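So the chains spell out like this:
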Amino acid sequence: MAAEGILVYWRSLVVILTPLILLPLPLVYPGSTEARAAYGVLLLAVFWVTEVVPLPVTSLLPVVLFPVLGVLSTEQVCVTYLKETNMMFIGGLIVAIAVEHCNLHKRIALRVMMLIGASPRRLMLGFMIPTMFLSMWISNTATTAMMVPIVSAVLDELKAQEVDNSRRPSVLSGATSRHDSGTFDQETRRKSLARVEMEAPLPRAARTNGGALPVGTPAPRVQDADDADDGEKTKLPRPNQESVAYYLGVAYAANIGGTGTLTGTATNLTFKGLYESLFPSLHGLNFANWMLFNVPLMLINAIVAWLWLQVLFMGLFRKSSGIQKQTKEQLKAVEEVIATKYRELGVMTFHEGSVMFLFLSVVVLWFFRAPEFIPGWAEYVSDVKIKDATPAVLIVFLLFVLPANLDFLRRDGPRKASPALLNWKIIHEKLPWGLVLLIGGGFAMAAASRESGLSKLIGAQLVTLQDSMGSTAILVIMCTATTFLTEVSSNTAIANIVLPVLAEMASAMRVHPLFFMMPATLCCSYAFMLPVATPPNAIVMAASNMRPGDMIKAGLGMNFLCLITLFIMFPTLASWLYGLDVFPPEAAHIGTQSRL
């Protein structure tokens, strides 16, 4: 009992004991800057992985640790928190918030679903395609949270149609025959309907609407024999295999979609910032050349996920298909649900049109800033180097000054100023400031490792791996380890810990840094097994009440399938696109390159 009482305070124990356990590092080597830097890096790594305090709070610790340890000055640490990459991240997030604020993302999703169709396999594709596309530009959490109610409404309608077609008609048809023979009076009819409701309990709105659940009505709660206690405890029913496939498809599409663009997820921007700061002389990554490799990989992984879920839950390639053939009435009902939700949005407003124009503008400006296959617009604008944060901040500024409607132009309208497309209150509520601090903390940790010589020391120790195994084998081991590490910890935290080590490993082994760093970054998004791995997983788990075993079983296979596609495409397509076969001399001795 005493041990159990202590474990309740495990977070406090980690906070207190970790600094004490690591204390021998600076004490045994009192004059070693590397040892003091290692102390700070390890302490941050433990706090990040265990999440004993919120990640944004841990991300502020470098401001205290590295100056006190004599590794970096306070000014050197603080300047790493808001670099060009951070500013691009903030700008991209604000544009995404504007898209969410005017419901443009919901309009795009529903329109795509209307075009694809309502048969089971097409319906699943209709859920996944808009989720993947939207996740390229806005938060995967927001995308999933937007899609899940749509999925739930469609599945509720399908269930209601099944009840209406299978249970109610069978009872009422018999009742009708008895009524025709003179043995079915009003009292008998009332009792028969009561029996139907007991067999398939429906909400009052459904009983007055031919048995069909109205859009948005939650599924009825039923008794679960495994969890019942004297008939008092109830819980939501487990979904069928087809429903599990739909929900997991949304989560997978959200996670995979974030890999398609640099702004799709925080780990991509973490990689960009670390790569450019550790190797400032190397040719940098931009929006266009990132998409040249990662959009094809994203599409292949999405198709793989679609097929894998059908094989696992819908009986694809099996004689006895697990998928239930839908009737024309069910298909029509699903199409009507989607069309109704689309009609509820009304016609596209001036607000939505303006945000769409600005959203497309920033994408075009990002892509054509330095596309490499043609001269970029930045070369004609200024003699200094313009990076992606500049167009992002320009569009953000326009979001705060352009009007949301044109009522002020009407002579008979109210004489007052129109609100802007976006306001600061929305930004204050929705912008994940913690992620901004998390990225900054990772940059500070990388700077401390480089300035102290810790990175160089680690690289020297890792050179021995090259003698025992080739770079491809190391790539496979490293990507597999990263994929399963990110299942139990924050994706961005894992990237901040792993990428600086891989950068030094590549430099010491005389391998192009992208060969190790980019695949590891992508693997941080391959979190499919556990609800705690990433917010989309947790959202669909809570919404569907699926069995944890279903998510683990499907996610384990999806992890390996994504790794296989990565191992096939990266040494081939990526090697050709980025010239990974040649080690650039600028990548040697990263510890001696220019300061952040």
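As recorded in an unreviewed UniProt entry, the protein goes by the name Protein I'm not dead yet isoform X1, listed as coming from Frankliniella occidentalis. In its Sequence similarities (unreviewed entry) section, the UniProt entry covering the protein states "Belongs to the SLC13A/DASS transporter (TC 2.A.47) family. NADC subfamily." Under the UniProt heading Subcellular location (unreviewed entry), the entry covering the protein gives this text: "Membrane".

Per the stated rule, a full pass over the model turns up 2 cavities of 30 Å³ or more. Estimated volume of the largest cavity: approximately 50 Å³. Along the walls of the largest cavity sit G92, V95, A96, W137, T263, F359, V362 and W366, which together make up its complete lining. Every element with two or more residues in the lining of the largest cavity is listed here: α8 (84-101) and α19 (350-367). Of the residues that constitute the lining of the largest cavity, the class distribution is 6 nonpolar, 2 polar and no charged. Empty space within the second largest cavity amounts to approximately 40 Å³.

The next thing to look at is the nonpolar core. In this structure, F516 and M518 are the most contacted members of the largest nonpolar core, which totals 135 residues. Looking at which element gives the most residues to this core, the answer is helix α17 (residues 287-313), with 12 residues. Ignoring any residue separated from it by four or fewer positions in sequence, one finds M518 in contact with F271, L285, W290, F293, N294, F570 and Y578. Listed in part, the 26 residues of the second largest apolar core include L43, L65, L72 and V77.

Per the counting criterion, the structure on display carries 0 disulfides. C479 forms no disulfide, and the closest cysteine sulfur to it belongs to C523, at a distance of 3.8 Å. For C523, a relative accessible area of 0% corresponds to the buried category.

Bringing the layout of surface pockets into the picture now. Here the largest pocket is characterised by a volume of approximately 760 Å³. Looking at the largest pocket, it is lined by 36 residues, and the ones nearest its centre are S139, N140, T141, L435 and P535. For the lining of the largest pocket, the secondary-structure elements that each account for two or more residues are α8, α11 (140-166), α23 (433-452), α27 (491-509) and α29 (535-544). With 6 residues, α8 is the single largest residue contributor to the lining of the largest pocket.

Now for the pattern of salt bridges. Under the criterion given, the structure shown has 6 salt bridges. Note that E84 is salt-bridged to K272, the shortest N-O span being 3.1 Å. Taken together, the residues E84 in helix α8 and K272 in helix α16 (residues 266-278) connect sequence positions 188 residues apart. Of the residues examined, K272 reaches a relative accessible area of 1% and is grouped as buried. Between D388 and R369 there is a salt bridge; the shortest N-O distance is 2.7 Å. Placement of the pair is D388 in the loop between α20 (378-381) and α21 (389-401) and R369 in the loop between α19 and α20, with a sequence separation of 19 residues. Both residues of the pair, D388 and R369, belong to the buried class. Through salt bridges with shared partners, a single ionic network connects E84, K272, E276 and K387.

The rules behind each value
Each chain carries its own residue numbering, running from 1 in the direction its sequence is written. pLDDT decides what is reported in this predicted model: residues at 70 or higher carry local features, side-chain atom pairs at 80 or more are listed and counted, and totals for whole chains, interfaces and linings draw on all residues regardless. Neither water nor hydrogens contribute to the side-chain values; these are computed over all heavy atoms in the structure. UniProt positions are given in the numbering used here, feature names are shortened, and annotations may be inferred rather than shown by experiment. Here the term cavity refers to a set of points on a 1 Å grid, laid over the protein atoms alone, in which a 1.4 Å probe fits but cannot get out; the term pocket refers to an open set having protein on both sides within 12 Å along at least five of seven lines, with lining residues being those that place an atom within 4 Å of a point. Grid points are joined across faces, edges and corners, and a volume is the space filled by probe spheres set on the points. The helix count covers DSSP runs of H or I at least four residues long, the strand count covers runs of E at least two residues long, and both are numbered beginning at the N terminus. Three classes are used: nonpolar for Ala, Val, Leu, Ile, Met, Phe, Trp, Tyr, Cys and Pro, charged for Asp, Glu, Lys and Arg, and polar for all others, with Gly counted as polar. Grouping buried Ala, Val, Leu, Ile, Met, Phe, Trp, Tyr and Cys residues that are joined through side-chain atoms within 4.5 Å yields what is termed a nonpolar core. In this scheme, a residue with accessible area under 20% of its type's maximum is buried, one over 50% is exposed, and one in between is partly exposed, where area comes from a 1.4 Å probe on protein chains only. Contacts were defined at the residue level, with two residues in contact if any of their heavy atoms lie within 4.5 Å. In what follows, a disulfide is any cysteine sulfur pair within 2.5 Å. Any carboxyl oxygen of Asp or Glu within 4 Å of a side-chain nitrogen of Lys or Arg constitutes a salt bridge here.

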